[in-house]
Amino acid sequence: MTYSPVALITGGSGGLGATTARLLLERGHRVAVTGRDRLRLDRFTENCGSPDRLLGLVADAADPEATQSAVDATLQRYGRLDVVVANAGFARSDSLVDGDPSHWREMVLTNVLGPAVVVRASVEALKATRGRIVLVGSVAGFVHAPGSLYGATKWALTGLAENARRALTGHGVGVTLVAPGGMDTTFWDNLGGRPERPMLTAEQVAESIVWAVGQPPGTDVNTLVIRPIGQPV
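Residues numbered from 1 in each chain as written. Predicted model: local features only at pLDDT ≥ 70, side-chain atom pairs only at ≥ 80, totals over all residues. Heavy atoms only, no water.

Draft legend 1. Focus on the sheet that holds strand β2 (residues 30–35). Read across the sheet, 7 strands follow the order β3-β2-β1-β4-β5-β6-β7 without closing on themselves; strand pairing throughout is parallel. Where the open sheet ends on each side, the last strands, each with one partner, are β3 (54–58) and β7 (223–226). Ignoring strand direction, the axes of neighbouring strands in this sheet form an average angle of 15 degrees. Note that strand β1 (residues 6–10) and strand β4 (residues 83–86) share 4 bridges and pair parallel. (Pairing = 2+ DSSP bridges. Helix = DSSP H or I, 4+ residues; strand = E, 2+ residues; numbered from the N terminus. Axes fitted to C-alpha atoms, helices over the stretch in contact; angles between N-to-C directions.)

Here it is in structure tokens:
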């Protein structure tokens, strides 16, 4: 390798995004991460100890202008873009049957519009490098959960991944959907706490993301569904 590849991760200041960023840094990438909280971004970038290879950018993943600005800032700083990881997302615990619709808009925009926006913002840069897009979905995008609007957003992302693949494969851009099962991160904060059942770690899922990113040129791994041993559905 004669260059250091560049990755942009949405929702990268904590949880799976931050773990993936650290792992990519260890493997030689330069990394830009986005998040909505400047203080949290600053803490993360300071703790990583790689100031020349890590860029923190304030951006709401569902805001097209902010996301385009993040892509532009990454290109300005590093001169190229090889990998985009659409990681930003969260869940609400309430149901379609008896939930509060006033809580739904932000989740739907972040989980569905956000990945579409970052694909649109980065596509020309990725065509130039014949790069790769990784969309972080969920097992909930393959297995129906009664009344789960969160699950519906992840079904939408499953479809978005294949739509993007078909649109971009002729341009040399790879698209991988990584769909984890239960994972022990701050994801559960809005869901009443972590359930007592087998869980993946953020490190395990990040390894799968980095594995997908590191596939040889000309190969395109499209779907990785990852469950902890002991999760039956």
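Having seen the model, we can carry on.
Draft legend 2. Highlighting the nonpolar core. By size, the foremost hydrophobic cluster in this structure holds 30 residues, and its most contacted members are Val31, Val33 and Ile209. Going through the elements one at a time, β1, α1 (15–26), β2, α2 (38–48), β4, β5 (132–136), α6 (202–213) and β7 are the ones with two or more residues in this core. Ile209 has contacts with Leu16, Thr20, Val85, Val134, Val136 and Val178, leaving out every residue within four places of it along the chain. With 28 residues, the next largest nonpolar core counts Leu57, Val118, Ala125 and Leu157 among its residues. (Core = buried A, V, L, I, M, F, W, Y, C linked by side-chain atoms within 4.5 Å. Buried < 20%, exposed > 50% of the residue type's maximum accessible area, 1.4 Å probe, protein only. Contact = heavy atoms within 4.5 Å.)

Draft legend 3. A look at helix α4 (residues 104–129). Spanning 26 residues, α4 covers 37 Å between terminal C-alpha atoms, matching the ideal 38 Å at 1.5 Å per step. Within α4, the axis deviates most sharply at Val123, by approximately 55 degrees. Taken from the residues just after α4, Arg130 is the one with a positive phi, measuring 55 degrees. (Expected span 1.5 Å × (residues − 1). Bend = angle between axes of the 7 residues up to and from the residue.)

Draft legend 4. Examining the pairing of β1 more closely. A large share of β1 lies buried, amounting to 5 of its 5 residues. Side-chain alternation along β1 places Val6, Leu8 and Thr10 on one buried face and Ala7 and Ile9 on a second face that is also buried. Read as a crossover between parallel neighbours, the route from β1 over α1 to β2 is right-handed. (Right-handed = clockwise from strand over helix to strand, strands pointing away.)

Draft legend 5. Summary view of the side chain of Thr19. Looking at where Thr19 falls in the secondary structure, it is placed in helix α1. Discounting chain neighbours no more than four positions away, the residues touching Thr19 are Ala202, Glu203 and Ala206.

Draft legend 6. Representation of the packing of helix α3 (residues 64–78) against α4. Relative orientation of the contacting elements α3 and α4 amounts to 30 degrees, with a least axis distance of 9 Å. Relative to α4, the element α3 lies roughly parallel. Note on packing geometry: the crossing formed by α3 with α4 is right-handed. Residue-level inspection shows Pro64, Thr67, Gln68, Val71 and Leu75 of α3 in contact with α4, the latter providing Val117, Val118, Ala121, Ser122 and Ala125. Taken together, the residues that form the contact of α3 with α4 break down as 7 nonpolar, 3 polar and no charged. (Parallel < 35°, antiparallel > 145°, perpendicular 65-115°, else oblique. Left-handed = near helix turned anticlockwise from the far one by under 90°. Nonpolar A, V, L, I, M, F, W, Y, C, P; charged D, E, K, R; others polar.)

Draft legend 7. Here's a closer look at the environment of His171. Summarising the element assignment, His171 is placed in the loop between α5 (149–168) and β6 (174–180). Taking the C-alpha atoms as reference points, His171 and Val83, 88 residues apart in sequence, are found 15 Å from one another. When neighbours within four sequence positions are excluded, His171 is seen to be in contact with Lys127 and Arg130.

Draft legend 8. Main features of α2. For α2, every residue scored as buried is listed here: Leu41, Phe44, Thr45 and Cys48. Down the axis of α2, the sector holding all buried residues measures 95 degrees, keeping them to one side. Set apart from the buried face of α2 by more than 90 degrees, the exposed residues are Leu39, Glu46 and Asn47. Along its buried surface, α2 packs onto α1, β2 and β3. For α2, the N-terminal cap is Asp37; the gap from its side-chain oxygen to the backbone nitrogen of Leu39 is 2.9 Å. (Arc of directions from axis to C-beta. Polar contact = N/O pair within 3.5 Å; in protein donor to acceptor, adjacent residues only side chain to side chain.)

Draft legend 9. Region of the structure containing empty space enclosed by the protein. Counted under the stated rule, the structure contains 1 cavity of 30 Å³ or more. Here the largest cavity defines a volume of roughly 30 Å³. Lining the largest cavity are Leu8, Thr10, Thr34, Ala59, Ala61, Thr67, Ala70 and Val118. Where the lining of the largest cavity is concerned, the elements lending two or more residues are β1 and α3. Taken together, the residues that form the lining of the largest cavity break down as 5 nonpolar, 3 polar and no charged. (1 Å grid on protein atoms, 1.4 Å probe; cavity = no way out; pocket = protein on both sides within 12 Å on 5 of 7 lines; lining within 4 Å. Points joined across faces, edges and corners; volume = space filled by probe spheres on them.)

This is a description of form; function is not addressed.
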